[in-house]
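These are the residues of each chain, in order.
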Amino acid sequence: MSPIMNNVALPLSFFICLSFFSFLNASPDVSKICDKVKHKDLCISSFKESYLGRYVPDNADVKALASVIIKITVNSASDVSRNLKTTVLEGPVPLTPEVRAKYGICDSEVVSAMKELDKVRTAMEFGNHKKEKLNMEAALTNTENCVKELKQVEAQLPDKKQFDEVIVLKELLENIDDIIKIVG
């Protein structure tokens, strides 16, 4: 390589690397939205721990952050549903018919909540605030129903982990409900 190419290539490579690393470390000010929700610490940690949070620009507005937080919550709901199915309903631990039925109802409610969250995100993108609120209420009701079902058999649950996951999901949904009120 010629000396001129070395003089250009090295600084250019350095600049590209710096730009790439600053992009990877970029973290938007999620506190501007998470400070205003019921479960602030959960809001911040779920955003920062998710791969989705890494791709939001520093100058993202509240609506963009809300959309990402909804996607993170949908992913969490998907994980809860998968865990309910694979660990409990299809798992090795024998369940009483009553507990199996409660887990099945709970799983159906979580799946319904995910569908409602997708509708919330779509309504938000189109600025349909009335539909946002209606779908959000339905998603909250779904998770509350799941919690109620599991509480009825809490003493018989083989593992409290899934119950705790449902509680965290409910708290994430409560955060989204608060965010929708902020975005308004």
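Just above, that's the structure.
About the thresholds
Residues numbered from 1 in each chain as written. Predicted model: local features only at pLDDT ≥ 70, side-chain atom pairs only at ≥ 80, totals over all residues. Heavy atoms only, no water. Salt bridge = Lys/Arg side-chain N within 4 Å of Asp/Glu carboxyl O. Helix = DSSP H or I, 4+ residues; strand = E, 2+ residues; numbered from the N terminus. Buried < 20%, exposed > 50% of the residue type's maximum accessible area, 1.4 Å probe, protein only. Disulfide = S-S within 2.5 Å. Expected span 1.5 Å × (residues − 1). Axes fitted to C-alpha atoms, helices over the stretch in contact; angles between N-to-C directions. Parallel < 35°, antiparallel > 145°, perpendicular 65-115°, else oblique. Left-handed = near helix turned anticlockwise from the far one by under 90°. Nonpolar A, V, L, I, M, F, W, Y, C, P; charged D, E, K, R; others polar. Core = buried A, V, L, I, M, F, W, Y, C linked by side-chain atoms within 4.5 Å. Contact = heavy atoms within 4.5 Å. Lys, Arg positive; Asp, Glu negative; His and termini not counted.

(A) Structural context of the pattern of salt bridges. Summed over the entire model, instances satisfying the criterion amount to 12 salt bridges. In this structure, Glu149 engages Lys102 in a salt bridge whose closest nitrogen and oxygen atoms are separated by 3.0 Å. Residue Glu149 is found in helix α6 (residues 129-152), and its partner Lys102 is found in helix α5 (residues 97-125); the two are separated by 47 residues along the sequence. Assigned by exposure class, Glu149 and Lys102 land together as buried.

(B) Spatial organisation of the state of the cysteines. The full count for this structure, using the stated rule, is two disulfides. Here Cys34 is linked by a disulfide to Cys43, with a sulfur-sulfur distance of 2.0 Å. The chirality of the disulfide connecting Cys34 with Cys43 is left-handed, given an S-S dihedral of about -65°. Of the residues examined, Cys34 reaches a relative accessible area of 0% and is grouped as buried. Accessibility expressed as a relative area gives 2% for Cys43, which makes it buried. The disulfide bridge from Cys106 ends at Cys146, spanning 1.6 Å between sulfur atoms. Placement of Cys106 in helix α5 and of Cys146 in helix α6 is noted, with a sequence separation of 40 residues between them.

(C) Quick look at α5. A rise of 1.5 Å per residue sets the reference length of α5, with its 29 residues, at 42 Å; its end C-alpha atoms lie 42 Å apart and thus fit the reference within 8%. At the C-terminal side of α5, Gly127 shows a positive phi close to 70°.

(D) Representation of the packing of α5 against α6 in the model. Where α5 contacts α6, the axes come no closer than 8 Å and their chain directions differ by 165°. It follows from the interaxial angle that α5 and α6 lie roughly antiparallel. Where α5 crosses over α6, the two elements pack in a sense that is left-handed. Residues that form the contact of α5 with α6 fall into these classes: 14 nonpolar, six polar and seven charged.

(E) Here's a closer look at the nonpolar core. One finds Phe47, Ile69, Tyr103, Val110, Leu117, Met136 and Leu150 to be the most contacted residues of the largest nonpolar core, which totals 44 residues. For this core, the elements supplying multiple residues, two or more each, are α2 (31-34), α3 (40-49), α4 (62-89), α5, α6 and α7 (160-183). When sequence neighbours within four positions are dropped, the list of residues in contact with Met136 reads Leu117, Val120, Leu173, Ile176, Asp177 and Ile180.

(F) Region of interest: the side chain of Asp178. You can see Asp178 is positioned in helix α7. For the buried Asp178, which has no salt bridge, the nearest side chain bearing the opposite charge is Lys181, at an N-O separation of 4.5 Å. Aside from chain neighbours lying at most four places away, what touches Asp178 is Lys36, Val37 and Lys38.

(G) Examining the packing of α3 against α7 more closely. Following both chains from N to C, one finds α3 and α7 inclined at 95°, their axes separated by 10 Å at the closest point. Taken together, α3 and α7 sit at an angle that is classed as roughly perpendicular. Of α7, the residues touching α3 (which contributes Leu42, Cys43 and Ser46) are Val168, Glu171, Leu172 and Asn175. Of the residues in the contact of α3 with α7, the class split is four nonpolar, two polar and one charged.

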